[in-house]
Amino acid sequence: MAKLSPHLSVGEVIRGSGYNAWDEVPPDLQANLERVAQFMFEPVRINLGKPISILSGGGVRSEEMNERVGGATNSQHKRGLALDMRCRTPADIVHLFDLCEELQRSGAIPNGGLSLYLRKDGSPRFVHCDIRGRRARWGAKNRSKVVV
């Protein structure tokens, strides 16, 4: 499987995307995904020191797939600028969120959107991180609501 970075494969970012193969992804989105892999995902993965998985549909999304999953109209996934990530344990998902916040704040990864998504029981589900170029946060109180 082709790699976008040492720890991120093309298959991971197009699984559930609405695209069946890398060559179906428009070139501008391919370039954005390469930037995400190199400048956001890889630094996060190295600093975390643990595996990170990408949710199905949590990489790039076609317009149709974004509508099907109820994604935001201006979703960064449609631009190839976002990843929905999770780790094996709830504590690691929280650590992943905190690390992304720290790395964005310090400038170690590009500024962008960040949110921690929770399940109904308050346990962490996944982290959305994107490189839109400006700070954006939603679900701001989720971090304080986490049940691990």
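See the structure printed just above.
Residues numbered from 1 in each chain as written. Predicted model: local features only at pLDDT ≥ 70, side-chain atom pairs only at ≥ 80, totals over all residues. Heavy atoms only, no water.

Caption draft 1: A look at the environment of Ser-62. The topology assignment puts Ser-62 in the loop between strand S3 (53-54) and helix H3 (63-68). Here the alpha-carbon distance between Ser-62 and Ala-31, two residues 31 residues apart in the chain, equals 15 Å. Apart from the residues lying within four places of it in its own chain, the contact partners of Ser-62 are Ser-17, Gly-18 and Tyr-19. Polar side-chain contacts of Ser-62 include one of 3.1 Å to the backbone nitrogen of Met-65. (Helix = DSSP H or I, 4+ residues; strand = E, 2+ residues; numbered from the N terminus. Contact = heavy atoms within 4.5 Å. Polar contact = N/O pair within 3.5 Å; in protein donor to acceptor, adjacent residues only side chain to side chain.)

Caption draft 2: Summary view of the sheet that holds strand S6 (residues 124-130). The strand order across the open sheet formed by five strands is S3-S4-S6-S5-S7, and the pairing between neighbours is mixed. Strand pairing shows two members of the sheet lacking a second neighbour, S3 and strand S7 (136-137), which therefore form its edges. Bridging between strand S5 (residues 113-118) and S7 involves two bridges; their strand directions are parallel. Each residue of the ladder has a partner; that of Leu-114, found in S7, is Arg-137. Packed on one face of the sheet, helix H2 (residues 27-48) meets S3, strand S4 (82-86) and S6 and runs near 40 degrees to S4. Contacting S4, S5, S6 and S7, helix H4 (residues 90-106) crosses the sheet at an angle of about 20 degrees to S6. (Pairing = 2+ DSSP bridges. Axes fitted to C-alpha atoms, helices over the stretch in contact; angles between N-to-C directions.)

Caption draft 3: Geometry of the pairing of S6. Of all seven residues in S6, six are buried; the element is thus mostly enclosed. Here S4 pairs with S6 via four bridges, running antiparallel. By the bridge assignment, Ala-82 is partnered in S6 with Asp-130. In this sheet, S6 lies alongside S5 in antiparallel orientation, the contact comprising five bridges. Paired with Ser-115 across the two strands is His-128, which belongs to S6. Taking the residues between adjacent antiparallel strands as the criterion, S5 and S6 are bridged by five residues, where Gly-122 takes a positive phi near 90 degrees. (Buried < 20%, exposed > 50% of the residue type's maximum accessible area, 1.4 Å probe, protein only.)

Caption draft 4: Seen up close, the pattern of salt bridges. Using the criterion set out here, one finds eight salt bridges in the structure. In this structure, Arg-61 and Asp-84 form a salt bridge, with 3.5 Å as the shortest nitrogen-oxygen distance. In this pair, Arg-61 is assigned in the loop between S3 and H3 and Asp-84 in strand S4, connecting sequence segments 23 residues apart. By the burial criterion, Arg-61 is buried, and Asp-84 matches it. Measuring nitrogen to oxygen at the nearest pair gives 2.8 Å for the salt bridge that ties Arg-143 to Asp-98. Taken as a pair, Arg-143 in helix H5 (residues 142-145) and Asp-98 in helix H4 lie far apart in primary sequence, 45 residues in all. In the salt-bridge network here, residues are joined through shared partners; they are Glu-101, Arg-105, Arg-135 and Arg-137. (Salt bridge = Lys/Arg side-chain N within 4 Å of Asp/Glu carboxyl O.)

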